[in-house]
Amino acid sequence: MAQPTSSSSDLYAIADFCLIPMGTAEPSVAEYIAECVRVLEKTGLKFKCLRARASVPLPSGYGTNLEGPWSEVMRAIHDCHAAVHAKGAPRVATDIRIGTRVDREIAPGTGNEGKVKRVEEILAKDRH
C-alpha cells in the first residue's frame, strides 16, 4: 500500500461538512457561515463546493468540501465552530463525512477534484 502523502502518522483526508449555527436571533445564518469561510481561507487548505463563483470558493447551500492532512482538516472544522460561537451562536451542530485512502498517492489539493473528474469521465462516455 502507498503511504499517505502528508506523513505516515497523518492521513490525507477529504471531508464534506455542514456547519449549522443554532439558537441565533435571525433565521438567516449567512453571516455565521461567512465567518467560517474566513477561517477556512486562513488555513491554506483546499476547500470548495459545487457552486464556486469565479475564483472564490464558497460553501454550497448545505456543505463544504475540505481536504488536507487529517489533523489540519479537523482543526479547521474546530476553528469554524469556535469562530461561529464567538460571533454569537450559542449552539453549533456539524455533520461531517470524511474519506481517506492509502492504496495510492493523492497529490495535496487534488483528492476531491480527482473523484469528481473520474465520475465526469464515466458520464461523458454515456453521451457518445
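Everything discussed here concerns the structure shown above.
Let us look at the structure shown here.

How each quantity is defined
Residues numbered from 1 in each chain as written. Predicted model: local features only at pLDDT ≥ 70, side-chain atom pairs only at ≥ 80, totals over all residues. Heavy atoms only, no water. Helix = DSSP H or I, 4+ residues; strand = E, 2+ residues; numbered from the N terminus. Buried < 20%, exposed > 50% of the residue type's maximum accessible area, 1.4 Å probe, protein only. Contact = heavy atoms within 4.5 Å. Areas by Shrake-Rupley, 256 points an atom, 1.4 Å probe, with all protein chains shown as cover. Core = buried A, V, L, I, M, F, W, Y, C linked by side-chain atoms within 4.5 Å. Disulfide = S-S within 2.5 Å. Axes fitted to C-alpha atoms, helices over the stretch in contact; angles between N-to-C directions. Parallel < 35°, antiparallel > 145°, perpendicular 65-115°, else oblique. Left-handed = near helix turned anticlockwise from the far one by under 90°. Nonpolar A, V, L, I, M, F, W, Y, C, P; charged D, E, K, R; others polar. Polar contact = N/O pair within 3.5 Å; in protein donor to acceptor, adjacent residues only side chain to side chain. Pairing = 2+ DSSP bridges.

Now for the overall build of the chain. The helix and strand tally for the chain stands at three helices and four strands. When the helices and strands of the chain are listed from N to C terminus, the series reads β-α-β-β-α-β-α. With 128 residues in all, the chain has 30% of them scored as buried. Contacts in the chain between residues far apart in sequence, at least 24 positions, make up 71% of those at least 6 positions apart. When the accessible surface of the chain is split by element, carbon and sulfur atoms take 55% of a total near 8,200 Å².

This part is about the nonpolar core. In terms of nonpolar packing, the biggest core is built from 19 residues, with Phe17, Leu19, Cys36, Leu40, Leu66, Cys80 and Val84 touching the most fellow members. Looking at this core, the elements with two or more residues in it are strand E1 (12–22), helix H1 (30–43) and helix H2 (70–86). If we ignore the near neighbours within four places in the chain, the residues touching cysteine 36 are Phe17, Leu19, Cys80 and Val84.

The next subject is the state of the cysteines. Under the definition given, this model contains one disulfide. The residue that forms a disulfide with cysteine 36 is cysteine 80, at a sulfur-sulfur distance of 2.3 Å. Judged by the torsion about the S-S bond (80°), the cysteine 36/cysteine 80 disulfide is right-handed. A residue pair is termed long-range when its members are at least 10 positions apart, and cysteine 36 in helix H1 and cysteine 80 in helix H2 qualify at 44 residues.

Next up on the list: the packing of H1 against H2. At a minimum axis distance of 9 Å, the contact between H1 and H2 shows a crossing angle of 140°. Between H1 and H2, the interaxial angle falls into the category oblique. H1 and H2 meet at a crossing whose hand is right-handed. In contact with Tyr32, Glu35, Cys36, Val39, Leu40 and Thr43 of H1, H2 contributes Ala76, Asp79, Cys80, Ala83 and Val84. For the contact of H1 with H2, the residue count by class is eight nonpolar, one polar and two charged.

Let's shift gears to the side chain of threonine 24. Residue placement: threonine 24 occurs in the loop between E1 and H1. What makes threonine 24 buried here is its relative accessible area of 19%. Separated by 2.9 Å, the side chain of threonine 24 and the backbone oxygen of glutamate 26 make a polar contact. Those residues in contact with threonine 24 that sit more than four places away from it in its chain are Val29, Tyr32, Ala89 and Pro90.

On the basis of which strands lie adjacent, the open sheet formed by four strands has the order E2-E3-E1-E4 and antiparallel pairing. Unpaired on one side and paired on the other, strand E2 (46–48) and strand E4 (91–100) mark the two borders of the sheet. Shown here is a sheet whose adjacent strand axes are inclined to one another by a mean of 25°, direction ignored. For E1 and strand E3 (residues 64–69), the ladder comprises six bridges, and the chain directions are antiparallel. Its bridge partner being in E3, alanine 13 is matched across the sheet by glycine 68. Of the strands in this sheet, E1, E3 and E4 are in contact with H2, which crosses E4 at around 165°. Its contacts with the sheet put helix H3 (residues 111–126) on E1, E2 and E3, and the angle it makes with E3 is roughly 125°.

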